[in-house]
Amino acid sequence: MGRARFAFGVLAFGYAFLYLPIAMVIVYSFNESRLVTVWSGFSFKWWQALFANEAMLQAAWLSLRIAFASATTAAVIGLAAGYALVRARRFPGRTLFGSLVVAPMVMPEVVMGISMLLLFVGSERLMGGPDRGFLTIAVAHITFSIAFVAIVVQARLTDFDRSLEEAAMDLGATPWVTFRTITLPLLLPAVGSGWLLAFTLSLDDLILTQFVAGAQSQTLPMRVYSSVRLGVDPQINVLATIVVSVAACALMLSGWLTRKKV
Amino acid sequence: MRAVIGVPFLWLGVFFALPFALVFAIALGTNNPDLVPPVELGFSFKNFALLFSDDLYLAAWLSSIRIAATSTLIALLLGYPMAYAIARAAPNRRPLLLMLVVLPFWTSFLIRIYAWMGLLASNGTIDQFLRWTGIADNPGTILGTEWAVHLGIVYAYLPFMVLPLYATLEKLDTGLLEAASDLGARPWQAFLTVTLPLSFPGIVAGCLLVFIPSVGEFVIPDLLGGTDTLMIGKVLWDEFFTNADWPLASAVAVCLLVLLVVPIAIFQRQQARSLERQ
């Protein structure tokens, strides 16, 4: 009995710690006052203000496009990387390959940011391009997202039942046909949740983006950061409410995708 | 198969490995504000010499490591009981409990840190609460101190601590605990001699996953810390964006990388080993 109560207390404290700050942000998005610490009445004023905020909407649109492009590319490359890690037992440089795939996950973002910017500046000098903006941001996001897709695919492939693939091969399917008709469909849920993870990470990234963005493009996190630096702003609370709701839906979708066919 | 290996290999080689070589090269150069970009290539170690002789940089290194280490410890003390309680919960409840730990990670990092700004500010929610309950009449502001930075790191990285701990605790054979108690061990003795040593891989993985990103953290010290909060990620950022000293910022990046090579290698080794075991 004492144990159950202890477990309950621990979880209650832990979840309160995780969720109370988020709950406060959501509550104050409906506050009337400009101060996000004093409740002065219910209002949709800041919701209207955010949806009339042209610069914020443009930044959100740019971020969504970058997230879509980079998650999709990262899903393809990450699928290949995860597949190679599990199925290609031996090839020259396999250890290096393994570290290269996982390293972006644990690399401090400031280090990755400065290094990628130097690469883009270098290529600008040598080849005259690409211009910093959509493309460079997407490339940076793809580079760190590959790891996350690869890990999910790798985990799925390690406890993979190979008898279906073997059956297909025995019946005369070529390796490519086997991959397309058996392996890929079974891996799709994992690729899908990897895609969602990559999409979320891209949408949220500030540091790497700030380094490689150039002067013209401003993503949503860059906008949020420059506004938040000056202090609390109720419009950011509204944005937070939207982000939290979308994330909750995405997570449920991802949980459903991975559970369905395991 | 060649393309399957080649494409990711080439991509990561060009966009991940090659840039690091550039960082090393630029770190050996000199800052020259008259050029665009403001770098004069060269071969001198004076940027590194500056990093190791200037008190400000040394203090930033030390306080980054200290803040990251204490935050990791706090996250462990908070995360371990949580992971333990989830692993011992009824199996049909575990997915939901885990999802609740992961959910904040899926929302914006920046916004989660922002949430604490309103809570910790003077006259913020916590301040008002303390006044209202009479616990403290005039509590000092927490925002802008190292306390707030610790809090932010623990808050942001707690899921990274709980998940690997849960993974090892969930697999733990409860028969071993029964055996221990049959042999006369008290619950806390069984915990110390059976559960704790067996969950060690999870502890190492969780601590590294919190420690590694915390050392180079920028957003948290920038938004929650004060002007006197020194962290190396912030130093790098300021050298680059404010002072436009690219070579010095690159040298900071190189040092940060060297500092983290050992923990990253331990982490990768452990990941590889646990994958093999499956």
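Source: prediction; values computed, not measured.

Quick notes on the rules
- Residues numbered from 1 in each chain as written.
- Chains lettered and ligands numbered in written order.
- Predicted model: local features only at pLDDT ≥ 70, side-chain atom pairs only at ≥ 80, totals over all residues.
- Heavy atoms only, no water.
- Helix = DSSP H or I, 4+ residues; strand = E, 2+ residues; numbered from the N terminus.
- Contact = heavy atoms within 4.5 Å.
- Areas by Shrake-Rupley, 256 points an atom, 1.4 Å probe, with all protein chains shown as cover.
- Lys, Arg positive; Asp, Glu negative; His and termini not counted.
- Charge placed at Lys NZ, Arg CZ, Asp CG, Glu CD.
- Salt bridge = Lys/Arg side-chain N within 4 Å of Asp/Glu carboxyl O.
- Polar contact = N/O pair within 3.5 Å; in protein donor to acceptor, adjacent residues only side chain to side chain.
- Phe/Tyr/Trp six-rings, centres within 6.5 Å; stacked < 30°, edge-to-face > 60°.
- Buried < 20%, exposed > 50% of the residue type's maximum accessible area, 1.4 Å probe, protein only.
- Core = buried A, V, L, I, M, F, W, Y, C linked by side-chain atoms within 4.5 Å.
- Expected span 1.5 Å × (residues − 1).
- Arc of directions from axis to C-beta.

Undergrad: So what's going on with the overall build of chain A? Which residues, and what values?
TA: Broken down by element type, chain A carries eleven helices and zero strands. Along the chain direction, N to C, the helices and strands of chain A fall in the order α-α-α-α-α-α-α-α-α-α-α. With the C-alpha coordinates of chain A rotated into their principal frame, the extents come out at 70 × 70 × 30 Å. Residue pairs in contact within chain A that sit at least 24 positions apart in sequence constitute 69% of those at least 6 positions apart. Counting every atom, chain A has about 12300 Å² of accessible surface; 67% of that belongs to carbon and sulfur. Side chains of chain A give 19 positive and 13 negative charges; the mean places of these two sets differ by 5 Å.

Undergrad: Break down the interface of chain B and chain A for me, citing the residues and quoting the values.
TA: Often, the extent of an interface is quoted as the loss of accessible area on bringing the components together. Contacts between the two partners involve 81 residues from chain B and, on the opposite side, 86 residues from chain A. Here chain B and chain A share one salt bridge between them. A salt bridge links Asp222(B) to Arg229(A), with the shortest nitrogen-to-oxygen separation between them at 3.4 Å. Inspection of the chain B/chain A interface yields ten residue pairs in polar contact (both at pLDDT 80 or more). If you tally residues by element for the side of chain B that touches chain A, the top one is helix α1 (residues 2–27) of chain B, at 18 residues.

Undergrad: Account for the environment of Met161(B), with residues named and values stated.
TA: For Met161(B), the location among the structural elements is in helix α7 (residues 146–171). In contact with Met161(B), not counting residues within four places along its chain, are Thr72(B), Ala75(B), Leu76(B), Gly79(B), Gly206(B), Cys207(B) and Val210(B).

Undergrad: I'd like a rundown of the environment of Gly124(B), residues and numbers included.
TA: Following the sequence through the fold, Gly124(B) ends up in the loop between α5 (109–120) and α6 (125–133). Counting along the chain gives 81 residues from Gly124(B) to Ala205(B), while the straight-line C-alpha distance between them is 36 Å.

Undergrad: I'd like to hear about the packing of aromatic side chains, residue by residue, with values.
TA: Tallied over the entire structure, the rule returns 30 aromatic pairs over all chains. The interplanar angle of 55° and the centroid separation of 4.8 Å between the aromatic rings of Trp11(B) and Phe15(B) together place this pair among those described as tilted. Of this pair, Trp11(B) and Phe15(B) both sit in helix α1, four residues apart, which is roughly one turn of the helix. Owing to a relative accessible area of 17%, Trp11(B) belongs among the buried residues under this scheme. Taken together through their ring pairs, the aromatic side chains of Phe211(A), Tyr225(A), Phe218(B), Trp237(B), Phe240(B), Phe241(B) and Trp246(B) make up a single cluster.

Undergrad: So what about the nonpolar core? Which residues, and what values?
TA: Ranked by size, the top nonpolar core spans 158 residues in total, and within it Phe97(A), Met107(A), Val110(A), Phe211(A), Met82(B), Ile86(B) and Ile220(B) carry the most contacts. In terms of residue count, helix α3 (residues 55–87) of chain B provides more of this core than any other element does, 15 residues in total. Ignoring anything within four residues of it in the chain, the contact list for Ile220(B) reads Phe109(B), Ile113(B), Val149(B), Gly152(B), Ile153(B), Ala156(B), Tyr157(B) and Gly225(B). Core analysis: the second largest hydrophobic core is formed by 15 residues, Ala71(A), Val149(A), Leu187(A) and Ala198(A) among them.

Undergrad: Could you give an account of helix α9 (residues 187–198) of chain B, naming the residues involved and the relevant values?
TA: All names here are of chain B. The end-to-end C-alpha separation of α9 is 15 Å, in line with the 16 Å expected for twelve residues at 1.5 Å each. Taken residue by residue, α9 has Ala190, Val194 and Thr195 as its buried positions. The buried side chains of α9 occupy one side of the element, clustering within an arc of 85° when seen end-on. Projecting away from the buried face of α9 at angles above 90 degrees are the exposed residues Trp188 and Thr193. Tucked into the core, α9 has its buried residues touching α3, α7 and α8 (174–182).

Coordinates in, geometry out; function isn't part of it.
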